[in-house]
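Breakdown of the fold
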Amino acid sequence: MSPETTAPRSLAEALRVRDDASLSALLRSRPDLITPVPTDLTQLATRAGTRASVVRALERLDRFTLQTAEALAVAPEQATYDELLGLLAGDDNDPTVTAAFPHALATLREQALVWGGDERLRLVRTARELLAPSPQHPSPTGLGPTVAEATAGISPGRIQELVAAAGLATTHDSVSAVASLSALFTDRSRMSALLDEAPAEAVEVLSRLVWGPPYGQVTAEPAAHLRWLIGRGLLLPTGPGTVVLPREVALHLRAGRAHRVTEPVAPAVEAATTHRPQVVDSAAAGQAYTTLATVEELLKDWHEGGPAVLRAGGLSMRDLKRTAVALDVSEPVAAFWVELAHAAGLVASDGAAEERYAATPAYDEWLELPSPERWTRLASAWLAATRTAGLVGGRDAKDRTLSALGPGLDRSAAPEVRHRVLALLATLPEGASPATDSLLARLYWERPSRSARPAPDDLRARLARWTLSEAELLGVTGRGALSAQGRALLGLPATAGTREAEPSGPGAKLPAHKRHHPVAAPAPHSPAERAAAATRAAKLLAPLLPEPLDHVLLQADLTAVAPGPLERPLADTLNVLADVESKGGATVYRFTPGSVRRALDAGRSASDLHAFLAAHSRTPVPQPLAYLIDDMARRHGHLRIGAASAYVRCDDDAVLSEILADKRSQGFGLRRLAPTVLASQTDPAALLGGLRAMGFAPAAESVEGDVVITRAHAHRTPPRTAPEPVPDGPPVPDATLLGAAIRAIRAGDLASTTPRKADPAADHPGNGGLPRTSSAETLATMQAAVMTGEAVWIGYVNAEGAASQRVIAPIRVEGGFVTAYDHTADEVRTYPLHRVTGVAELADDQP
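Here is a short report on the structure shown in this document.

The rules behind these values
Residues numbered from 1 in each chain as written. Predicted model: local features only at pLDDT ≥ 70, side-chain atom pairs only at ≥ 80, totals over all residues. Heavy atoms only, no water. Axes fitted to C-alpha atoms, helices over the stretch in contact; angles between N-to-C directions. Helix = DSSP H or I, 4+ residues; strand = E, 2+ residues; numbered from the N terminus. Parallel < 35°, antiparallel > 145°, perpendicular 65-115°, else oblique. Left-handed = near helix turned anticlockwise from the far one by under 90°. Contact = heavy atoms within 4.5 Å. Buried < 20%, exposed > 50% of the residue type's maximum accessible area, 1.4 Å probe, protein only. 1 Å grid on protein atoms, 1.4 Å probe; cavity = no way out; pocket = protein on both sides within 12 Å on 5 of 7 lines; lining within 4 Å. Points joined across faces, edges and corners; volume = space filled by probe spheres on them. Nonpolar A, V, L, I, M, F, W, Y, C, P; charged D, E, K, R; others polar. Core = buried A, V, L, I, M, F, W, Y, C linked by side-chain atoms within 4.5 Å. Pairing = 2+ DSSP bridges. Phe/Tyr/Trp six-rings, centres within 6.5 Å; stacked < 30°, edge-to-face > 60°. Lys NZ or Arg CZ within 6 Å of the ring centre and 35° of its normal.

Across the interface, helix α7 (residues 81-89) lies against helix α8 (residues 95-110) with an axial gap of 10 Å and an inter-helix angle of 125°. Considering their axes alone, α7 and α8 lie oblique with respect to each other. The way α7 lies across α8 gives a crossing that is right-handed. Where α7 approaches α8, its residues Y81, L84, L85, L88 and A89 are matched on the opposing element by V97, T98, F101, P102 and L105.

Spelled out as C-alpha cells, the structure:
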C-alpha cells in the first residue's frame, strides 16, 4: 500500500494512529483539551482546532517553533518537509537551522498543531488563519499574498497581458496563466534573468517592500520604473492606488527565507558578575534573616489592629506610606512585605464592622517555628503566589489605583515566570549573577509574542525584573546569584547545571537547539515534593543563620547593644523596657523615662527590672540606668487617676497644689475635692497622657483602687486561609488522570468508529444517528447477545436527556435492566432498558 493511501485524511485520523505516550504528551502540553475529557478522538481533534485552544498553544511555543509554524502558514497547503525547511534555512541551507528544525517540527506535531507525513505537512486550519498574511492581519514574516490570491480580482485579459509582458506565452484561461506566472517567480534562474532587466529604481522599490510590509501606494500615473514592475506582475494591484509584492517574488529576493532573522538557537543567559558561592549563600542568609525580622516588625506594628480596609478593599496609600516609614523602606518594598505576609496567610482582614487588617492565628503558630522553617514558609508562598506586589500604585483597566492587599493584583503568569527566572539562574555557574538584558532576551525567545519585538511594558519582562529584585529581598538569591537554599527550594540539583542528559560515546555532541536551550529540572508540583524541597532548603539555611543570643551589652549612656538576634523572650521584654534606636548587624536600644514607665505599666516592679538586666547583660548594670529605674519606680503610681469623669488622688497634697498652679493643667478643668483629691472633666486616658506630658508619672487605677496594669492587646483575626493563586489555565494533569482520560477517549472512539450492520432507523435525519428498535426487539437482541457473548451497538438517553451511542457486551438481562461491559467507559455498567433507544448488531468482521 502506498504512503499516500495510508496518510491520514484528518487530524482525528492522525490522532487515532498515535500511541498512548504520544497522546499523553499532547494532553500534558495542552491541558485545556482534557477539561472536560473528550468522548472520543474526533471530539479531541475538534477541540484541538478551536480558536481559543490554538491561540493558547501558539502563545506557549518558543521563538523558533513559532517561526516554523509561521513559515508553514505561508507555505503551500500541503507542504513537504524540504519545502518547509527551505523557508527557514533559505537557499544557503543554514546548518544551525537544519539542526534545530526536526525538534521544532516534532513539537508542533506533538501539540497537534501540525499533522500529516513529511510529504504532506498540514497546519491546523485555525492556526493557518491566525498566522497567514492578510491585509487586516499582516504576517510576522512580512510576506504578502501569493500570485494566485493577489490576482483573484484581476480580469482575464489583464492577466494575459501580465504573462506576455513577463516574456511568457499566453494561455487560453486565467488559471493556467496564473500558474505560469507563479512558476516563473519561483524559478530562481529565470527570475534572476528577469530582474537583471529591471531599472535600478525598480530594484530599489522591491528592496523597500521585500521584508514587509509588502503593500505600497502608487499614483494614478505611476513613474516609469513602477509601470515596469506593475506591467510584469512583480507588483500586483489590490485596490485603487495600492499594490502588493507577491509572496513568490519576495521569497526570491529573500533567498528563500520566510523570516528576515531566523532564531533557531535560544540566546544564552550571560553572567554579569561572579562571586564565591560561600559569599552568595552568606549574603542570601543575611537577607533571609532580614526578611524574618521585617515581617515580625510589620506584624508588631499591626499588633493591636492594623490599618482600616478601604471600602473597595486594600490598603490606602496613606497607610502604605506609614508602613513604609515604620519599616524604614520605600513604598514599593513595603507593599512587597505586606503582600508577602498576606500570601503566607499571616495577615488578613478581621471581618469586623469597622474592618481592619490584623495578624491571623497562623502568625502565632509561625512565630513558634524555627527560623529556617519560617523562611521557607514565606519563600514558598512567594513562589506560588499570583498576587504581584509590583503592580501596586499602577492603574487597572478602569483607571483605578491598584492598592496593596486590594483586588486586581493577581497575574496568573507570575508563578511560572518566577520559577523560570530562577531556573535560568541555576544554569549559570555557581555564584554568577545574570546580565538582565540577556535574561530578558532568553525569556522572550522562550515565550515570544506574535509581534517581531517585545513591547516595552511586556508583562513577562516586568514580572522577570520584579522576580530578580524580590528574590534578592527574600534571600533566595545573594548578590544577584542563586543561593544554595534557593536552588533547593526550587527542587533543583545541589550543583549548577541542568538535568538534561548529555550524549555519551566518543565525539558525541548535543544538537544545536539543545546546546543553547538547556532544560532545568521541573518545579515540584505535588505537596509532598514541595514539602521535601522546603525541608532541604531549611537544612541548608540553618547553619548560615546567626544563633539567637541570650544577652546584651549595657552601656553608660543609657543604651544597650544586641550584637546579634536575640532570643524571643529577651527581645520581647527589651522591646517594652527600651526603644529601638538603630538596626543593622547590631541593634541599639535606648532606655528613656517613657520606656521604663511602659515596663512599670506592664506590671513589672523595679526589682524585676534590675534582676532582668543583671541576668541578661554581659556588662555590669550602669549606675545611670539603675538610678533611672529607681526614680521612675518611686514616682510611678504616686498619683492615681480614676473616673469622675476623672480624678487625681495623691497622698502628698503639695504635688496636687503644684499641678493646679501649672498653667498647662488649665485645659483639664481640675478642681480640688479634698486635700488629696482633684476632679477633672477630662476622660482618664487624656488626663493620664496630659500629666505625663507635664513631667509627672501618674498611674491609672481601677474602680477598686488597684493600679491598672497595661499590656499590649494582641488583636487577631478569626482563622483565615492564605489567598489561593489564580491558575493560568487548567492544571497539568498527573499520570493517573492522563491514564484514565486516554482509556476513556479510546473506548469512546471504539464505540463511535466500530462498523455496524445497516440500520435504516439510525440513518433517519431525526434520530441523531442512534439505532431505533421496538422494546420487544431490544429485549430479544440483548438476550441473544448474552447467550452468544457478542457485543452490540446501542443508543442510550440518560436521566438528563443527553443521548449517546455505546458498544456493550451484555452479561445479564433481568428486571428491566441490562448489565453489560461498556467498551465506551471501559467498565461494567447497568442500564435501564426503557432508556435504550435501540440496539443493532456490529458488522460481521468485528469482535
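Here the narrative resumes, following the displayed structure.
This part takes up the environment of A803. Structurally, A803 can be placed in strand β22 (residues 803-814). A803 sits in the exposed class, given a relative accessible area of 53%. For the pair A803 and L770, spaced 33 residues apart in sequence, the C-alpha separation works out to 8.3 Å. In this view, A803 contacts L770, Y796 and V797; residues no more than four positions away in its chain are not counted.

This paragraph deals with empty space enclosed by the protein. Considering all chains together, one arrives at five cavities of 30 Å³ or more under this definition. Roughly 90 Å³ of internal volume is contained in the largest cavity. With four residues, helix α19 (residues 331-343) is the largest single contributor of residues to the lining of the largest cavity. The residue makeup of the lining of the largest cavity, split by class, is six nonpolar, one polar and four charged.

The subject of this paragraph is unusual backbone geometry. Cis peptide bonds are those with omega within 30 degrees of zero, and the linkage from T35 to P36 qualifies with -5°. Looking at the element boundaries, P36 is found in the loop between α3 (20-29) and α4 (41-48). We note that R479 has phi near 55°; this positive angle belongs to a residue other than glycine. As for its placement among the helices and strands, R479 is situated in the loop between β10 (477-478) and β11 (481-482).

On to the nonpolar core. Counting 91 residues, the largest nonpolar core has F185, L229, L234 and L235 as its most contacted members. In this view, L229 contacts A202, V205, L206, L234 and L235; residues no more than four positions away in its chain are not counted. In terms of nonpolar packing, the next biggest core, distinct from the first, is built from 71 residues, A285, L298, W366 and L439 among them.

This brings us to the sheet that holds β22. Pairing in this open sheet of five strands is antiparallel, and the strands run β24-β23-β22-β21-β25 from one edge to the other. Every interior strand has two partners, whereas the edge strands, β24 (827-832) and β25 (836-841), have only one. The mean angle between the axes of side-by-side strands here comes to 45°, regardless of whether they run parallel or antiparallel. Looking at chain direction, β22 and strand β23 (residues 817-822) are connected through six bridges and run antiparallel. From the neighbouring strand, I808 faces β23, where its bridge partner is D822. Each of β21 (792-797), β22, β23 and β25 is contacted by helix α35 (residues 775-788), which is oriented at about 65° to β22, the strand it contacts most.

Within this structure, the stated rule accounts for five aromatic pairs. Judged by centre distance (4.9 Å) and plane angle (70°), the ring pair of Y81 and F101 falls under edge-to-face. Within this pair, whereas Y81 is found in helix α7, its partner F101 is found in helix α8, the two being separated by 20 residues in sequence. Residue class for F101 comes out buried when judged on its relative accessible area of 0%. Note that R374 overlies the ring of W366, its terminal NZ or CZ placed 5.1 Å from the centroid.

Our focus in this paragraph is the pairing of β22. Note: β21 against β22, six bridges, orientation antiparallel. Bridging from a neighbouring strand, V792 pairs with I808 of β22. Hairpin connection of β21 to β22: five residues between the antiparallel strands, including G801 at a positive phi of 90°. Counting the residues in the hairpin turn of β22 and β23 gives two residues, including G815, whose phi is positive at 60°.

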